[in-house]
Amino acid sequence: VVLPPNLQTIGDTVFINSGLESIRIPATVTSIGVSAFSGCKWLEEFTVEEGNPVYTSVDGVLFSADKKTLICYPACKYGRYTVPEGTETIAYGAFRSAYHMTGINFGTTLREIDDYAFIYCSMLNEVTFPPNVTRIGENAFRGCGWLVSVTFQNPDVQLDSGAFSDNDVLQSITLPARLKEIPPHLFFDCALLRSI
């Protein structure tokens with residue numbers, strides 16, 4: 001896809017689940033909608049033209065220009081990924097259906113993982129959240145088919161509805177002592193969950 005040079009807005013879910021392999025964001029684009037590129041299973045990289053005031057790409061991953069928000073990870077990017085230091089938020093649906101990502105390392109600056117951020121990341125097998133993470137959004141890790149263990153290092157983390165639901169092989173959760181609420185559907189359909 002070649003986007004027109006004067007384009008300003010890319011709407012919500014425009015390319016969701018499409019066959020895109022790569023995309024170049026023009027310098028004029030100042031608004032990208034929710035889940036605009038989520039689930040594009042052949043997408044290998046984002047490129048953002050120089051001079052764009054709102055967006056940038058780091059190693060093919062789409063970020064806000066200040067690099068505080070990770071907006072979208074290309075679903076066809078292979079291997080283990082390390083979220084760069086300085087990143088504070090992983091956006092809504094950012095890693096949706098990243099089928100080839102085998103692991104994730106979160107930077108110490110990360111604070112929030114938004115709704116549906118890692119839904120259907122089928123090769124992800126373990127997750128450890130650093131102490132600064134204060135919120136895991138709704139359905140954030142739903143349907144991660146090989147997710148076996150989850151560890152939280154912040155005892156006050158907020159867990160939203162269905163955050164780890166529909167994970168068939170999830171076996172262990174290491175959960176903070178000061179948790180005040182377990183929201184609906186948090187571990188729904190986790191048939192092998194044995195210890196918390």
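Preceding this paragraph is the structure being described.
A few points on the structure. (Residues numbered from 1 in each chain as written. Predicted model: local features only at pLDDT ≥ 70, side-chain atom pairs only at ≥ 80, totals over all residues. Heavy atoms only, no water.)

## Concerning the sheet that holds strand S11 (residues 112-113)
If you walk across this open sheet you meet the seven strands as S5-S6-S7-S9-S11-S13-S15, and the pairing is mixed. Two strands bound the open sheet, and with one partner strand each, they are strand S5 (55-58) and strand S15 (158-159). The pairing of strand S9 (residues 89-90) with S11 spans two bridges and is classified as parallel. Bridged to Thr89 within S11 is Glu112. (Pairing = 2+ DSSP bridges. Helix = DSSP H or I, 4+ residues; strand = E, 2+ residues; numbered from the N terminus.)

## Considering the sheet that holds strand S12 (residues 126-129)
Strand order in the open sheet formed by three strands is S12-S14-S16, with parallel pairing between adjacent strands. Where the open sheet ends on each side, the last strands, each with one partner, are S12 and strand S16 (172-174). Across the sheet, the mean angle separating the axes of adjacent strands is 5° when strand polarity is ignored. (Axes fitted to C-alpha atoms, helices over the stretch in contact; angles between N-to-C directions.)

## Observations regarding the state of the cysteines
As enumerated under the stated definition, the model contains zero disulfides in all. Of all cysteine sulfurs in the structure, the one in Cys40 sits closest to Cys76, which takes part in no disulfide; the separation is 11 Å. In this model Cys144 remains outside any disulfide bridge; the closest cysteine sulfur is found in Cys121, 5.2 Å from its own. (Disulfide = S-S within 2.5 Å.)

## What to know about the nonpolar core
Counting 39 residues, the largest nonpolar core has Phe118, Ile136, Phe141 and Phe164 as its most contacted members. Contributing elements (two or more residues each) for this core: strand S6 (61-64), strand S10 (101-105), S12 and strand S14 (149-152). When residues no more than four places from it in sequence are discounted, the contact partners of Phe164 are Phe129, Ile136, Phe141, Leu147, Val150, Phe152, Leu159, Leu170, Leu186, Phe187 and Cys190. Listed in part, the 17 residues of the second largest apolar core include Phe15, Ile25, Val29 and Val48. (Core = buried A, V, L, I, M, F, W, Y, C linked by side-chain atoms within 4.5 Å. Buried < 20%, exposed > 50% of the residue type's maximum accessible area, 1.4 Å probe, protein only. Contact = heavy atoms within 4.5 Å.)

## Structural notes on the pairing of S6
Side chains Val61 and Phe63 project from S6 onto one buried face, and the interleaved Leu62 and Ser64 project onto a second face that is buried too. Across four bridges, the pairing between S5 and S6 is antiparallel. By the bridge assignment for S6, Thr56 is matched with Phe63. In this structure, the hairpin formed by S5 and S6 is closed by a connection of two residues, where Asp59 is found at a positive phi of approximately 55°.

## Section: the packing of aromatic side chains
Per the counting criterion, the structure on display carries 15 aromatic pairs. Residues Tyr92 and Tyr116 carry aromatic rings whose centres are separated by 5.4 Å and whose planes lie at 45° to one another, so their mutual orientation is tilted. With Tyr92 in the loop between S9 and S10 and Tyr116 in the loop between S11 and S12, the pair connects residues that are 24 residues apart, well separated along the chain. Classification of Tyr92 by relative accessible area gives partly exposed; the value is 34%. A ring pair is formed by Phe95 and Phe118, whose centres lie 4.4 Å apart and whose planes are at 15°; its orientation type is stacked. One end of the pair, Phe95, is in the loop between S9 and S10; the other, Phe118, is in the loop between S11 and S12, with 23 residues separating them in the sequence. (Phe/Tyr/Trp six-rings, centres within 6.5 Å; stacked < 30°, edge-to-face > 60°.)

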